Amino acid sequence: MKKLFTTLSNIWKIQELKERILFTLLILVIYRFVCQVVLPGVDANVLGQNQKSGLLGLLDMFAGGAFSKVSIVALGVMPYISASIVVQLLGIAVPSFQKMQKEGESGRKKLNQITRYLTVAITIVQSVGYVKTQVPEDAILINHTLFYILSTFVLTAGTLFVMWLGEKITDKGIGNGTSLIIMVGIIARLPIALQQEVSSRAAGQGGGLIALVVEIVALFAVVMFTILIVQGVRKVPVQYAKKIVGNKQFGGVRQYIPLKVNAAGVMPIIFAQALMFIPAGLTGFFPSLQNSWLSAYSDYTSVTYSVTFAILIIAFTFFYTAITVNPTQMSDDMKKNGGFIPGIKPGFATSSFIDDVISKITFPGAIFLAIIAILPSVAVKFGIASEFAHFYGGTSLLILVGVVLDTLQQVESYLLMRHYDGLMKTGRVTGRTGIPAAGNNAAL
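Reading the values: rules and limits
Residue positions are given per chain, counting from 1 as you read along its sequence in written order. This being a predicted model, a pLDDT of at least 70 is required before a residue's local features are given, and a value of 80 or more before pairs of side-chain atoms are given or counted; all residues contribute to the totals for chains, interfaces and linings. The basis for the side-chain values is all heavy atoms of the structure; hydrogens and waters are excluded. Between N-to-C directions, angles cover 0 to 180 degrees, with each direction set by a line fitted to C-alpha atoms, over the stretch in contact for helices. Think of it this way: any DSSP run of H or I at least four residues long counts as a helix, any run of E at least two long counts as a strand, and we number them from the N terminus. By convention, the crossing between two helices is left-handed when the near helix turns anticlockwise from the far helix through less than a right angle, and right-handed when the turn is clockwise. What makes two residues a contact is simply this: any of their non-hydrogen atoms within 4.5 Å. Only Asp, Glu, Lys and Arg are considered charged in this grouping, and only Ala, Val, Leu, Ile, Met, Phe, Trp, Tyr, Cys and Pro are considered nonpolar; every other residue, Gly among them, is considered polar. Throughout, exposure labels follow a simple rule: accessible area from a 1.4 Å probe, protein chains only, divided by the maximum for the residue type, with under 20% read as buried, over 50% as exposed, and the rest as partly exposed. Pairing of aromatic rings covers Phe, Tyr and Trp, the last counted by its six-membered ring, and requires centre-to-centre distances within 6.5 Å; plane angles under 30 degrees mean stacked, over 60 mean edge-to-face, and any other angle means tilted. Charges are assigned to positions over rings by a cutoff of 6 Å between ring centre and Lys NZ or Arg CZ, combined with an angular limit of 35 degrees from the ring normal. Every residue is assigned a pLDDT by the predictor, reflecting its confidence on a scale from 0 to 100. Strand pairing requires that DSSP identify at least two bridges connecting the strands. In the sections that follow, a salt bridge refers to a side-chain nitrogen of Lys or Arg positioned within 4 Å of a carboxyl oxygen of Asp or Glu.

> So what exactly am I meant to see when it comes to the packing of helix 12 (residues 303-324) against helix 14 (residues 348-381) here?
A pair of packed helices is captured by two measures, namely the crossing angle of their axes and the spacing between those axes. At a minimum axis separation of 9 Å, helix 12 and helix 14 run at an interaxial angle of 145°. Viewed along their axes, helix 12 and helix 14 form a crossing whose handedness is right-handed. Facing Ser 306, Phe 309, Ala 310, Ile 313, Ile 314, Thr 317, Phe 318 and Thr 321 of helix 12, the residues of helix 14 in contact are Ile 358, Ser 359, Thr 362, Phe 363, Ala 366, Ile 367, Leu 369, Ala 370, Ala 373, Ile 374 and Ser 377. Across the contact of helix 12 with helix 14, the residue classes break down as 13 nonpolar, six polar and no charged.

In structure tokens, the structure reads:
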């Protein structure tokens, strides 16, 4: 406990870090405030609780409850994330986008601008679908045609405003702005979900308070397991040749290439989830299909949904790792800098060795990622409420773990630069960027 208070005191002593933390908290408070503002022309009393379940419940969680409240920021930053993913994939397949990626700062600005324009287009399309399917007609107080047009403009402006808030956090705050906004939205649902679970267990449903204690312990174990997956690396040793310039010696040291077990991050789950939304959308638009085999994919707790979801995640993990991790480029970079893997010839042999290592560690990583993704449906099967079960895995848990680790890493870097102790007694906090920052098309 003394170590904790000492660390907090050291953080407060660093003026720049203190200002960045306070600025970040201010922006997050503003975001939570606008989440409560209902669309113009909507009667909030008619909406009532309007709780979403199933796949729509997941979207509502990412939006911090704004989706179910028909807020002006109901779509959150999801259109921006979709646009970032599209631009990132175009950078792999389209030569002109590849050229922009290699142009440095100027190319990055062009890609950011394209991402913003694409965000507007995606938001307009999603806004039309949202107001037509998610806003009850009896809650609309004005002419319906006027409401649809007005809401499309407001929702688009709301998404752009949230994207701007994320940019400000990234530039003047601490951490990845877009990631923090999503994380705050997810955490905002935790107190309500926990309260509902405690109330149901206290009422003697499903094992009482003993079952609640078991759930909390299981949740803690799942979080620790997720951290292990996120942080897991395979260190490949690299030896650099000695160079003597004048009286000084350069190189001659051994370093390591940290190859992540989960190099793809949450991207496989996001890709797989996007495909799993298709059957639910088809049954929604075509009622005649509700009694077909597609209906099994409308329930995320069904065995059919879980098995298909897991298979897609494993496939996308290999796919995304293959397109983002380039063993040939890593081998060429090592060769240019006079580095080599002990016992492995430079060039093709090195790239083959790295590719083999990546393949071996990606398979268990993909299996573990699939397990984490389907844990919420397993938790529901064991009697845990759907709202609370979402915190047992899936995209939400991976985002929470990744963003917290990344933010703590930035705080620790400030402490170490000022010659203070880090956040831990031993070792260093190592994080990873979970969501593309506004203005930076980083990998998810």
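> Quick question: what am I supposed to make of unusual backbone geometry here?
A negative phi angle characterises most non-glycine residues, just as the trans form characterises most peptide bonds. Positive phi, normally seen in glycine, also occurs at Val 70, with a value near 55°. Position of Val 70 relative to the elements: it lies in the loop between helix 4 (54-62) and helix 5 (78-93). What makes Val 70 buried here is its relative accessible area of 0%.

> Teacher, can you tell me more about the packing of helix 10 (residues 208-231) against helix 16 (residues 394-417) here?
Contact geometry for helix 10 and helix 16: axes closest at 10 Å, N-to-C directions at 65°. When you trace helix 10 past helix 16, the crossing you get is right-handed. Contacts between helix 10 and helix 16 involve Val 222, Val 223, Thr 226, Ile 227, Val 230 and Gln 231 from the first element and Leu 397, Leu 398, Val 401 and Leu 405 from the second. Within the contact of helix 10 with helix 16, the residues separate by chemical class into eight nonpolar, two polar and no charged.

> Help me understand the packing of aromatic side chains in this model?
The description of an aromatic ring pair uses the distance of the two centres, along with the angle that the planes make with each other. Tallied over the full model, the rule gives six aromatic pairs. Aromatic side chains Phe 225 and Phe 368 sit 5.6 Å apart centroid to centroid with 85° between the ring planes, which places their arrangement in the edge-to-face category. Here Phe 225 is found in helix 10, whereas its partner Phe 368 is found in helix 14, with 143 residues between them in sequence. Residue Phe 225 is classed as partly exposed on the basis of its relative accessible area of 27%. Classification of Phe 368 as partly exposed rests on a relative accessible area of 31%. Positioned over the ring face of Tyr 256 is Lys 235, at 6.0 Å from the centre of the ring.

> Would you mind showing me how to read the confidence of the model for the chain here?
Predicted coordinates in regions of low pLDDT should not be interpreted in detail. A residue-level look at the chain finds 82% of positions with pLDDT of 70 or above and a mean pLDDT of 79. Here strand 3 (residues 248-251) is the element of the chain with the lowest mean pLDDT, 60, and helix 8 (residues 144-172) is the one with the highest, 90. Per-residue pLDDT stays below 50 along residues 433-444; that stretch engages in 57 contacts with residues further than four places along the chain or on separate chains.

> Explanation requested: the sheet that holds strand 4 (residues 254-260) in the structure shown.
Hydrogen bonds between backbone atoms are what pair the strands of a sheet, whose relative direction is either parallel or antiparallel. If you walk across this open sheet you meet the three strands as 4-1-5, and the pairing is antiparallel. The two strands at the open ends of the sheet, each matched to only one other strand, are strand 4 and strand 5 (339-340). Pairing of strand 1 (residues 233-240) with strand 5, which is carried by two bridges, proceeds in the antiparallel orientation. Within strand 5, the position partnered with Gln 239 by the bridge is Phe 340. Strands in contact with helix 13 (residues 327-336) are strand 1, strand 4 and strand 5; relative to strand 4, the strand with the most contacts, it is inclined by about 170°.

> Can you help me understand the pattern of salt bridges in this one?
A side chain with one charge may pair with a side chain of the opposite charge, provided their charged atoms come close. Here the structure, examined in full by the defined rule, presents three salt bridges. Note that Glu 16 and Arg 20 form a salt bridge whose closest N and O atoms lie 3.4 Å from each other. Here Glu 16 and its partner Arg 20 are both found in helix 2 (residues 15-34), four residues apart, which amounts to about one turn of the helix. Accessibility expressed as a relative area gives 35% for Glu 16, which makes it partly exposed. Arg 20 gets classed as buried once you look at its relative accessible area, which sits at 19%. Among the salt bridges present, the one from Asp 356 reaches Lys 360, with a minimum N-O distance of 3.2 Å. In this pair, Asp 356 and Lys 360 are both assigned in helix 14, four residues apart and thus about one turn of the helix distant. Asp 356 gets classed as partly exposed once you look at its relative accessible area, which sits at 36%. Accessibility expressed as a relative area gives 58% for Lys 360, which makes it exposed.

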